[in-house]
Amino acid sequence: MLALLGATTLMLVAGAPWVLPAASGGTNLKSPENGSVCIIDDNFTLKWNSSSESVRNVTFSAEYKIPGMDNWKKLPGCQHITSTECNFSSVKLKNVYEKIELRIRAEKGNNTSQWHEVKPFIPFQKAQIGPPDVHLEAEDKAIIINMSPPGTKDSIMWAMDHSSFTYSLVIWKNSSSLEERTETVYSRDKIYKLSPETTYCLKVKAELRSPRRVGVYSPVYCINTTEKHKVPSPENIQIDAENQVYVLKWDYAYENTTFRAQWSHEFLKRIPGGHSDKWKQIPNCEDVETTHCVIPQNVFPEGIHRIRVQASNGNNTSFWSEEKMFNTEMKTIIFPPVISMKSVNDDSLHVSIGAPKESENKSVNQLYPLIYEVIFRENTSNAERKVVEKRTDFTFPNLKSLTVYCVKARALTENDKWNKSSVFSDTVCEKTKPGNTSKTWLIAGICTALFSIIVVIYVVKVLLRCINYVFFPSSKPPSTVDEYFSEQPVRNLLLSTSEEQTERCSIIENANSITVIEETNPIYEDPKKYNSQTSQDSGNYSNEDENSGSKIGEELLPQETV
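Residues numbered from 1 in each chain as written. Predicted model: local features only at pLDDT ≥ 70, side-chain atom pairs only at ≥ 80, totals over all residues. Heavy atoms only, no water.

A.B. asks: Would you mind going over the nonpolar core with me for this structure?
C.D. replies: Note on soluble globular proteins: their nonpolar side chains tend to be buried together. Ranked by size, the top nonpolar core spans 48 residues in total, and within it L46, L75, F88 and L102 carry the most contacts. Taken domain by domain, this core gets at least three of its residues from each of domain 1 (33-125) and domain 2 (133-224). Ignoring any residue separated from it by four or fewer positions in sequence, one finds L75 in contact with L46, A62, E63, Y64, F88, V91 and L102. The next biggest cluster of nonpolar side chains, apart from the first, holds 22 residues, and it includes W250, W263, V299 and V309. (Core = buried A, V, L, I, M, F, W, Y, C linked by side-chain atoms within 4.5 Å. Buried < 20%, exposed > 50% of the residue type's maximum accessible area, 1.4 Å probe, protein only. Domains from an automatic or database assignment. Contact = heavy atoms within 4.5 Å.)

A.B. asks: Would you take a moment to explain the environment of W320 for this structure?
C.D. replies: Checked against the element boundaries, W320 lands in the loop between β24 (316-317) and β25 (324-327). Between the C-alpha atom of W320 and that of A261, which follows or precedes it by 59 residues, the distance is 9.3 Å. Look past the residues within four positions of W320 in its chain and what remains in contact with it is K190, S233, R260, Q262, R308, V309 and Q310. (Helix = DSSP H or I, 4+ residues; strand = E, 2+ residues; numbered from the N terminus.)

A.B. asks: What am I meant to see in the side chain of H116 here?
C.D. replies: Inspection of the secondary structure assignment puts H116 in strand β8 (residues 116-121). Side-chain polar atoms of H116 contact the backbone nitrogen of G35, separated by 3.1 Å. (Polar contact = N/O pair within 3.5 Å; in protein donor to acceptor, adjacent residues only side chain to side chain.)

A.B. asks: In this structure, what is going on with unusual backbone geometry? I would like to understand it.
C.D. replies: Glycine aside, residues mostly have negative phi, and peptide bonds are mostly found in the trans state. Not every positive phi belongs to a glycine, and N34 is a case in point at roughly 55°. Positionally, N34 belongs in strand β1 (residues 33-40).

A.B. asks: Would you take a moment to explain the UniProt feature "transmembrane region" (unreviewed entry) in the protein chain for this structure?
C.D. replies: Using the residue numbers shown here, the UniProt feature "transmembrane region" (unreviewed entry) corresponds to residues 441-464. In the segment residues 441-464, helix accounts for 100% and strand for 0%; the C-alpha atoms at its two ends are 34 Å apart. (UniProt positions renumbered as here; feature names shortened; annotations may be inferred.)

A.B. asks: Is there a simple way to explain the state of the cysteines in this structure?
C.D. replies: By definition, a disulfide links the sulfur atoms of two cysteine residues through a covalent bond. Under the criterion given, the structure shown has four disulfides. Here C285 pairs with C293 through a disulfide, and the sulfurs are 1.9 Å apart. Between C285 and C293 the sulfur-sulfur dihedral comes to about 95°; the bridge is accordingly right-handed. Of the two residues, C285 and C293, both sit in the buried class. Should the bonded cysteines of the protein chain be numbered as they appear in the sequence, the pairing reads 1-2, 3-4, 5-6, 7-8. (Disulfide = S-S within 2.5 Å.)

What follows is the structure, encoded as structure tokens:
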């Protein structure tokens, strides 16, 4: 029994500080307040406010739990801390996108407060971008800046964004902070357009564009530029595309100087570290004495590149010029299309668009899906009709018949990002075919023309007949006159022809037979002109004729009476 009472008393004494701390001379500890987490790069800091400031020798401890853990674990770097913050960067987090839970409590000896739980957080969302580490080198008119990305070399916070940082730089002359200049630079870059032998100061902060996040500025760094170099650097670098080549140009005021040019991929600027060995010599641009050089387009692969130029005078060389960035896609020239047009049906024109020989390049067509802006108008009118076509063959319907129409076109990039276009092609004109109404009028016109020709021929024929009648009369009288002068002697007087007149005579020898005797006299013989012989013969002939006639009459009379 005594042993049992002794054990009970020992248990109560041993458990007294936990159950009744005030009774043993202890103090009730209040829990910490306003716990928060601050993350810069890979540095994790836990902060809180103490509610037991009046109590001495109070320490604080924290625990954490992440998904997949059933129990709370002690937070490294945050055990028995006398201050109100601790660094727990030593925690080995495998995933900065997982939620973390933290809790803190106050401790004094064996006396502890209730746990104060911090609002759960995701490290990547909570993290801030720290300042980059900056190193400077000076030239006469430029400063070379080298920066290490925020975080440590083995940083897990920015492991996916290590090469995505851009840097915003503020630079000013040390003598005047009012002349500040802000530039966006890469991890290794050059700041140009400075003055020789001048002190410049700068500060830099890193940024992420996606997701949008801005870091804190670095400390201020200052450096002096060198004295003016003996051989100046080339200036105003330009590169243009002409036909199937690039022309690189620059400005330089001094003579007896040779030049060389190099190129490098632009994406190397985004990768931290030095890449001086990645620059390549440009063909046809080495040891040239002119301020330009011609570069074949196949020298550069597709993409964005940088070009720089250096001057040399004997054994002395200049610093490299300011780097010029250019995009091969943007520098490519789009040539105007070739247009052909022909008339189809009665009121339509078919237009075909073809690529010119200069632009028959598969890579260009792949880089630039093209559409065409077509200007169509009637030849006699200034009113233009504009259409945009992706097709290379299309038709303009419902046009006027027998009308001349003209068309021209230019090629445009389908993607507005490039905003490139060619000049307009040559203007092509074509006449539409006649319509049904025109055919009817054509047939009517042909018939009218034929009828008019017949009428003209008839009128001309009648007119010629009248002219012949008036100016070239016929030797033969009209039929009416010929009938009127039907007697032979009179006709002989009127007619003057080469034919001889024939007189018919009949000799009746007997009643049964009659003999016809024809005697011809020249027609041209004038009956009024005759000599004595003729007169005698004529008389005899007349007498004989009369006698013969009487005899014949006598012979015929008896027969008639019979």
